[in-house]
Structures are given as structure tokens and as C-alpha cells.
Amino acid sequence: MSMFSSFTRELRFFLKQPAAIVLVLVAISLSVFSVWSGLSEVERQQETIERLLVADAKDRAAVLAKESDYGGAAYYSFHLTYDPPSRLAFAALGERDTSPWKHRIRMLALEAQIYESDTANAELAQSGQFDFAFVLSILMPVFLIILLHDLRASERAAGRHDLLVATSASDNNLWRSRAFVRVILLSIGVLIPFLFGAMVSGASLLSIVSVLGIAIAQILFWSFLCLWASARSYAGPTIASGLLAVWMLTTFVVPAMSDAFIEAIIPAPEGGDIILTQRESVNDAWDLPKEATMETFVKEHPEWAEYAEINRPFEWKWYYAFQQVGDQSVADMSEKRRAAILKRDKAAQWFAFLSPSSLTERSLTGVAGTDAKAAMHYQQHVRNFHGSLREYYYPLLFKGAAYEAITLANLPRFKALSDRK
């Protein structure tokens, strides 16, 4: 029998099974919803950024129009920083659920501003968005298990197994054809909504192909595992229970245990501790001799040594110097946290090979640019921008330049990371 004949025969057989058809339709519906949900969230984030950009510019212009010195202008001016979603973010929102992707910063001590999360509900955000990555990594194995676990067991229960084997030209080809029809229909149904979403978002061909490759790898792994299990001489419920146990172990237990283990062996300062330490340093500076603050500041910035003398009870250059000293006081903690997060991420990548679902999700967030590395890259981009503000204001403050409003027209402007994927 030709391959085409086998396919059409098994397709007709599949169409006579209402339960299997309903399952595929459910999978398609969930895929459509996940893509719609992801696109809606990305659109919401983009609209938020556009709205805040307009409001940010108006607010800063209004503030600067009322100021009469550079210190006040720097103090009262906010600057919007943001990380726009990539074109594939709709498929795998990743760290954008739990890590801030926008800040309004001032030229004060930065680290506390960096680690303040703008997540509206941290517990809800931790549960994650229902995106395409969730469907592919978590739900797809369950769909495949339900469709494939009883390929032979159901025929044995119906008393047709031996007859089918006897009349089939090849025992293996029969079951492979049946499995192929189910897998291909399920896969096409789940992947087409993603392709539509990718075209709507303008994702690149390379990134689309990468996601399809990840999806095919996930589908093939679980399909072959289900086919192997279905060939065992057990009842269908027994096979299904065993496969679901493997799914539960690799999808939830292994990732949870590996995360706990990684956090235990790779400690990292908490963002809250960094905020508290920095604010204590800044608050303590009000009670310290000004000379002590300026001496600490000049050690890191010797180019301002000749302008470091403070002759009045309050000077803006002293105020911003102790803000910078506050950042210096937690620089080591912040660097250790960044290094630990990246080290944890690298370790988690290795543990992900024990969990196909985790590996799939991590691969998708990597392609979409929504992983931990992307979040760290955005944080560093904010630090670089804040550094440019300091470089702009310090000469004006330390050299006592006469205030001219037109000078502030050249304030550094935040530029988002280049468009990704």
C-alpha cells in the first residue's frame, strides 16, 4: 500500500473518532488564544511606551521651564527608559512578566531605581502569561500523550489488534501511519496560529524558522516517547499514567528541584537588600562631614578633585556626589547580583536538558529576546544612560556654570535597544 493510501485511510479513520477531533480542536483553540493573548500583551506594552513617551516629554519640559539652576533641573526631571518588546515577544513573554521593562529615573542614586519593580501584582506575574511558549512546552506533550498512548491498546481492547496486524503489509507502518496522521493534524493546528501571529508582528524569517525548529523538536521527542510506550503490552490507562508521570516529573518536579539547587549553590544579593543599603548610605550622608563625602567621591572621580571644595551649607555638587557615593556603596553587591543571575541562567540551561519542556521554553525566550540575558542587557542600558546624564550635568554643577535654559536642550535622550527579531 502506498504512503498516500495509508495516509488517506488513517485520515478517514481519524475523522470517525469524535474524541480525537475534539482534542485537536481544543488544542487549536488554545493555540489561537495564546497567540491572541501574546499579541494583545505586546500591543499593550507598546501603547504604554508610546503614551509614556509623550507624557514624559511634556512633564520634563514643564519642569525645566520652572527651574533656575542645573541642580534643580536635574533633581526634578524624570527620564523614561524602556525596553520595547521584540517582534517575537508575543510567542514567549519570558522575563517581561517578572522583570521591569520600563523605569522613570532621575539623576539620583540609580541602583535603588533599577531594582524597584513596576510589576502590578508580583504573585500574579510569577504565574506567567498564557502565551504560545506555554502551549508548546507544557500543553503539547499532554495533547500528544492523549492522542498516541492507546494506539495499540485501544485496538486490543476492541478485539481488532490481531486482525489489523494480519491484514497490514507491515505492522510498524500501520501504527506509524496512524500516529503520523494524528501528530501532523495536531501540529499544523497548533503552529498555524503562531505563523499568523508572526506575520502580523513582522517577525523575521530566520526567527520564525528557529521557532518552528524548536517546536518540531519538542513534538518529535514526545511523539517518539509516546510511540515507544504505546508499543508496550499494557492497558491504555496504564500507559497513559506512565507517560503523564514522566511529563509531570520532567515538566514540574525537575525544574523546581533544579531551581532550588541552583539558588542554593549560587547565592545572589537580593534587590531589596541593594535598595536598603543604598538608601542608608544616601541618608547617612546628610549627617557626615561634607569633606568625607567629597573625599570618597573624588577617589572614584579624580577629575573633579580641584572642584570638590564645599563652602556653603548646601551645594548641588555635594548632593549629587553623595548620590553617586550611594551607588558606589552597593556597586559590589549589584555586580555580584548580575553575575550570579547570569551564572544561574547558565546552570539552568544545563539542567534544562533533563526537562524537554524547560528546554523548549528557554529556547523560545532566547529566540524572542525575552530571557534573563535580555533583562540584564536592558538594565545595563539604563545604567549607561544614567551615566550619560551624570557626564552631562557634572561639568555644569562642579564648575558652577551660569544657568542657561537653552543648555538643557542638549540633555541626553534615552534611545531604546535596537529592534530585535
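Read on for a plain summary of the structure. (Residues numbered from 1 in each chain as written. Predicted model: local features only at pLDDT ≥ 70, side-chain atom pairs only at ≥ 80, totals over all residues. Heavy atoms only, no water.)

1. Remarks on the overall build of the chain
Rules: Strands are runs of DSSP state E lasting at least two residues, helices are runs of H or I lasting at least four, and both sets are numbered from the N terminus onward. The classification of residues rests on relative accessible area computed with a 1.4 Å probe and restricted to protein chains. Under 20% of the type maximum is buried, over 50% is exposed, and intermediate values are partly exposed. In this analysis, two residues are considered to be in contact whenever any of their non-hydrogen atoms come within 4.5 Å of each other. Note that accessible areas follow from Shrake-Rupley with a 1.4 Å probe, and for residues the cover is restricted to the protein chains shown.
Of the regular secondary structure elements, the chain holds 17 helices and two strands. Sorting the 421 residues of the chain into buried and exposed places 48% on the buried side. Pairs at least 24 apart in sequence give 81% of the contacts found in the chain among residues at least 6 apart. By element, 62% of the accessible surface of the chain is carried by carbon and sulfur atoms, the whole surface being about 21,400 Å².

2. Thoughts on the packing of aromatic side chains
We apply this condition: For this analysis, a ring pair means two rings from Phe, Tyr or Trp (six-membered ring only for Trp) whose centres lie within 6.5 Å, classed as stacked if their planes differ by under 30 degrees, edge-to-face if by over 60, and tilted for the remaining angles.
A full pass over the atoms with the stated rule returns 34 aromatic pairs. Taking 5.1 Å as the distance between ring centres and 20° as the angle between the ring planes, the aromatic pair formed by Phe 132 and Phe 194 counts as stacked. Taken together, the positions of Phe 132 in helix α6 (residues 132-148) and Phe 194 in helix α9 (residues 171-201) put the pair 62 residues apart, joining distant regions of the chain. Looking at Phe 194, the relative accessible area reads 0%, which means it is buried. A ring pair is formed by Trp 316 and Tyr 319, whose centres lie 5.6 Å apart and whose planes are at 90°; its orientation type is edge-to-face.

3. Here's the deal with the nonpolar core
Short version of the rule: Definition of nonpolar core: a set of buried residues of the types Ala, Val, Leu, Ile, Met, Phe, Trp, Tyr and Cys, connected through side-chain atoms within 4.5 Å.
Counting residues in each nonpolar core, the largest one holds 51 residues, and the members touching the most others are Leu 88, Phe 90, Phe 132, Leu 144, Leu 148, Leu 186 and Phe 194. Take this core: its biggest share by element is 13 residues, from α6. Not counting the four nearest positions on each side in its chain, Leu 186 is found in contact with Val 24, Ala 27, Met 140, Phe 143, Leu 144 and Leu 147. By size, the runner-up hydrophobic cluster in this structure holds 47 residues, among which are Leu 108, Ile 275, Val 298 and Phe 385.

4. Some points on a nonpolar patch on the surface
Let me state the cut-off plainly: By definition, no residue in a patch forms a salt bridge, and every one has over 30% relative accessible area; like charges are joined within 9 Å, nonpolar side chains (Val, Leu, Ile, Met, Phe, Trp, Tyr) within 5 Å. The working definition used for a salt bridge is a side-chain nitrogen of Lys or Arg within 4 Å of a carboxyl oxygen of Asp or Glu.
A cluster of nonpolar side chains, contributed by Met 248, Leu 249, Phe 252, Val 253 and Met 257, occupies part of the molecular surface with about 460 Å² of accessible area. Along the chain, Leu 249 turns up in helix α11 (residues 236-265). Using a relative accessible area of 45% as the deciding quantity, one classes Leu 249 as partly exposed.

5. Let's talk about the environment of Ala 62
Considering the arrangement of structural elements, one finds Ala 62 in helix α2 (residues 18-66). Taking the C-alpha atoms as reference, Ala 62 lies 9.3 Å from Ser 77; in sequence the two are 15 residues apart.

By themselves, these observations are geometric and do not establish any function.
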